[in-house]
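# A closer look at the structure
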Amino acid sequence: VQLQASGGGLVQAGDSLRLSCVASGRTFSRYTVGWFRQAPGNVREFVATIRANGGHTYYGDSVKGRFTISRDNGENTVYLQMNSLKPEDTAVYYCAAGGGLIQSSLRISDHYDYWGQGTLVTVSS
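Computed from a prediction, not measured in an experiment: that's the story for all the values here.

### Details of the sheet that holds strand S3 (residues 17-24)
Strand-to-strand pairing in sheets goes through backbone hydrogen bonds, with the strands running parallel or antiparallel. Taken together, four strands build an open sheet; the order of strands is S1-S3-S8-S7 and the sheet is antiparallel. The open sheet has two edge strands with one neighbour each: strand S1 (2-6) and strand S7 (67-72). On average, adjacent strands in this sheet sit at an angle of 15 degrees to one another, irrespective of strand direction.

Here it is in structure tokens:
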């Protein structure tokens, strides 16, 4: 699976952005797909993830209620709608895909097998 993330940019606090993760290669619909982010000097942080059939979603505490993850398996795409953005959301955002993930693994980046190249989100105050 090859993943390509896009949609990042420079926005002001309170604005919205939608990130996209487009997949090619093997059957995308079989994979759990997550978003992680990494700010300079910080460890990679779990943002959100969505199960293969889209039936279950999970969010990091810092984004819960502001971000929404969704997927369109027909378009091989996962989206991350980010609302009410804050300066602390500034980071490079990565999408990742993994198969056979148990619930305790969903928030751990090492359990995802395939990664996109990242897209930079900068939120100014």
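### Digging into the state of the cysteines
Covalently bonding the sulfur atom of one cysteine to the sulfur atom of another cysteine gives a disulfide. Under the definition given, this model contains one disulfide. Between Cys21 and Cys95 runs a disulfide, and the two sulfur atoms are separated by 2.2 Å. Its S-S torsion of approximately 70 degrees makes the covalent link between Cys21 and Cys95 right-handed. With Cys21 in strand S3 and Cys95 in strand S9 (residues 91-98), the pair connects residues that are 74 residues apart, well separated along the chain. Note on Cys21: relative accessible area 0%, which makes it buried.

### Comments concerning the side chain of Thr77
With respect to the helices, strands and loops of the structure, Thr77 is situated in strand S8 (residues 77-82). Relative accessible area serves as the criterion here: at 6%, Thr77 is assigned to the buried category. At a separation of 2.8 Å, a polar atom in the side chain of Thr77 contacts the main-chain carbonyl oxygen of Glu75. Not counting the four nearest positions on each side in its chain, Thr77 is found in contact with Ser20, Cys21, Val22, Phe28, Ser70, Arg71 and Asp72.

### Here we look at the nonpolar core
If you look at the biggest cluster of nonpolar residues, it comprises 30 residues, and the most contacted ones within it are Trp35, Leu80, Met82 and Tyr93. Those residues in contact with Leu80 that sit more than four places away from it in its chain are Leu17, Arg18, Leu19, Trp35, Val47, Ala48, Phe67, Thr68, Ile69 and Tyr93. Counting seven residues, the second-largest nonpolar core is a separate cluster that includes Phe36, Tyr58, Ala96 and Tyr112.

### Quick look at the pairing of S8
Of all the six residues making up S8, five are buried; the element is thus mostly covered by neighbouring parts of the structure. Examined bridge by bridge, S3 and S8 share six bridges and lie antiparallel to one another. Bridged to Arg18 within S8 is Gln81. With six bridges connecting them, S7 and S8 associate as antiparallel partners. Bridge pairing in S8 places Ser70 opposite Tyr79. What sits between S7 and S8 in their antiparallel hairpin is a turn of four residues, with Asn76 showing a positive phi close to 55 degrees.

### Some remarks on the packing of aromatic side chains
This structure, assessed with the given rule, holds six aromatic pairs. Between Tyr94 and Trp115, the aromatic rings sit 6.4 Å apart at their centres with planes inclined by 75 degrees, giving edge-to-face as the arrangement. Separated by 21 residues along the polypeptide, Tyr94 in strand S9 and Trp115 in strand S10 (residues 114-115) bring together distant segments of the chain. In this structure Tyr94 comes out as buried when scored by relative accessible area, which is 16%. For Trp115, a relative accessible area of 28% puts it in the partly exposed group. Judged by centre distance (6.5 Å) and plane angle (65 degrees), the rings of Tyr112 and Trp115 are edge-to-face.

Conventions we followed
Residues numbered from 1 in each chain as written. Predicted model: local features only at pLDDT ≥ 70, side-chain atom pairs only at ≥ 80, totals over all residues. Heavy atoms only, no water. Pairing = 2+ DSSP bridges. Helix = DSSP H or I, 4+ residues; strand = E, 2+ residues; numbered from the N terminus. Axes fitted to C-alpha atoms, helices over the stretch in contact; angles between N-to-C directions. Disulfide = S-S within 2.5 Å. Buried < 20%, exposed > 50% of the residue type's maximum accessible area, 1.4 Å probe, protein only. Polar contact = N/O pair within 3.5 Å; in protein donor to acceptor, adjacent residues only side chain to side chain. Contact = heavy atoms within 4.5 Å. Core = buried A, V, L, I, M, F, W, Y, C linked by side-chain atoms within 4.5 Å. Phe/Tyr/Trp six-rings, centres within 6.5 Å; stacked < 30°, edge-to-face > 60°.

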